[in-house]
Amino acid sequence: MPNFGKASALRDELTPMLALIAALSSAGAWTFGWDNAWWGGIIGNSYFGEVFGQATTTNGVTSYRCMLAGQTAHWGGRRLCFYAVAFLSLIGVIVEATADVNGGRYYQMVGGKIIVGASIGIASIAVPLYLAECAPAAIRGACVNAYVTIQALGSWMAYCCLYTLVDGTGRRVWLIPICIQLLAPIFMIAFGWWLPESPRWLVEKGRTEEARAALFRIRGARRGGYSPDEDLTALVQAHEDQQAAHNNVAWLDCFKGSDLLRTSIVMGVQCLQQGQGLSFLSQYLIVFFQRIGIQQPYLIMTIIGGLLTVLTSVGFFTQDYIGRRPLLIGGSCIMAASMIALGGLTLKSVIPQAQSNAGVGMIMLYLVAFTQSWTNIPWTVSAELPSNRLRDKTLTIGAWSGYGVGLIITFVQPYLQDAINGGVGFIYGAIGVVAAIYIYFLLPELKGITLETVDAMFDAKIPPRKFATHPMRAQTAATSVEASAAAHDAKRSTDHLEKEAEAV
């Protein structure tokens, strides 16, 4: 495992196939980013309000959406989830696009949003899960970061589209951004067949030779050459160990033994991502800018969106080099300070222009910190923390919990904003302080260790704060493959002797 934590890991471990897999499988993330941005922007458009009535965000009503992913990923494989994302997205966009035929029907627009939201929910589980299972441990964070980087790209492109339409009238104001959403599902339907299935899922289903072929296809072009045998042996051994200990897997198993702590951490990270202001900024930022007297909010959001796309891409390097814990703790501290400052600057109903401008600066500082920490890392650690046998279920529970917090914020935010204006920043700032403390005490450092090592360390009841320095981290990483290989070789020798005996 020589590349763990090294700056050269991405160069050495990333293959062209793995890069293309990360980009193609993240098509649903592009829809996620576009969907949040175009809706959060269009509700501030006066003509849209005239046709459809006074709109509110629908992000919260789709909090159920991620529950669809767990069983689909377990039963039909990760690749089947991508087709489900594509077809649901297509149906939802068509429903949205026809909502203004013979008059604006807001309920139909919401119905289409819910269907698109269902596709996004499946993508938010299936894509990080798939990328974490396909990627080598040394660059797992970088590969999962593709999900949020493409999501940020979708948001920025939506803001660019809205900026060109902001002063317009007619159906094109909403019809153009709605129909552009068709690009991602069409792309996935056309090229999704080309994605290899997750090697881990294939091993779980007993399709070992297909898993070997998938591993070689994904990592075969690695610098210095690659043989899938060691990785495959480790996967098979890990699966056999899990089967021996837990033959049947149920949802309640996520809350038993060491899996209880792991599930709790995943839920906490997902809830804190939303609780620090994500739903507020993704759904209400245009409206908030208008309330505090900011001119040209759509132009500002277009600039911010482009900046965030570039900054989010830095996560391809930082997660696996610096680590998960330092980035999350540092990000929470800066985000908390920014939100508290924003609350102080925009608390009053009448705000001087200089204070409004300073408030925009605080939001930009918050977003810069967010892109380097809480944008991408929660999805990485949520895919890393669960045990192999419960990965899809635990990730589903965690994401559902996060979207549940988003639901609460979605409905409470307008009332809070009416009551205390920018004072909502004090609330999100306080949650940011809680997040930093939570990460310090409960989140283990998972940089550069295999998923099998994560299982072993949790089963050994090592305190999460000790993961980064515990000797088992290095010992397990070095010996797990050797032990698995020895067990595999012993089994092959036994089988060979049995066949010889039968022949005699």
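Residues numbered from 1 in each chain as written. Predicted model: local features only at pLDDT ≥ 70, side-chain atom pairs only at ≥ 80, totals over all residues. Heavy atoms only, no water.

Asker: Let's hear about the overall build of the protein chain: which residues, and what values?
Answerer: Secondary structure summary: the protein chain contains 23 helices and zero strands in total. For the protein chain, with 504 residues in total, the buried portion stands at 56%. The long-range fraction of contacts in the protein chain, counting pairs at least 24 apart against all pairs at least 6 apart in sequence, stands at 82%. Total accessible area on the protein chain is roughly 19,700 Å²; 66% of this is exposed by carbon and sulfur atoms. (Helix = DSSP H or I, 4+ residues; strand = E, 2+ residues; numbered from the N terminus. Buried < 20%, exposed > 50% of the residue type's maximum accessible area, 1.4 Å probe, protein only. Contact = heavy atoms within 4.5 Å. Areas by Shrake-Rupley, 256 points an atom, 1.4 Å probe, with all protein chains shown as cover.)

Asker: Residues and numbers for the nonpolar core, please.
Answerer: W38, M109, W174, F289 and W374 are the most contacted members of the largest nonpolar core, which has 114 residues in total. Here the element with the most residues in this core is helix α7 (residues 106-134); it accounts for 13 residues. Contact partners of F289, with chain neighbours within four places excluded, come to I294, P297, I300, M301, V360 and I363. Within the second largest apolar cluster, 10 residues are counted, among which are W201, A214, Y226 and L232. (Core = buried A, V, L, I, M, F, W, Y, C linked by side-chain atoms within 4.5 Å.)

Asker: I'd like a description of the confidence of the model for the protein chain, backed by residues and values.
Answerer: Of the residues in the protein chain, 85% reach a pLDDT of 70 or more, and the chain-wide mean stands at 81. No element of the protein chain has a lower mean pLDDT than helix α23 (residues 471-503), which averages 47, and none a higher one than helix α21 (residues 424-442), which averages 95. For the stretch residues 477-504, pLDDT sits under 50, and the model shows 13 contacts to residues farther than four places along the chain or on other chains. (pLDDT = per-residue confidence, 0-100.)

Asker: Go over the packing of helix α20 (residues 391-420) against α21 with me, naming the residues and quoting the values.
Answerer: As a packed pair, α20 and α21 sit with axes 9 Å apart at the nearest point and diverge in direction by 130°. By the angle class used here, α20 and α21 are oblique. Along its contact with α20, which presents I409, Q413, L416, Q417 and I420, the element α21 presents V424, I427 and Y428. A breakdown of the residues in the contact of α20 with α21 according to their chemical character gives six nonpolar, two polar and no charged. (Axes fitted to C-alpha atoms, helices over the stretch in contact; angles between N-to-C directions. Parallel < 35°, antiparallel > 145°, perpendicular 65-115°, else oblique. Nonpolar A, V, L, I, M, F, W, Y, C, P; charged D, E, K, R; others polar.)

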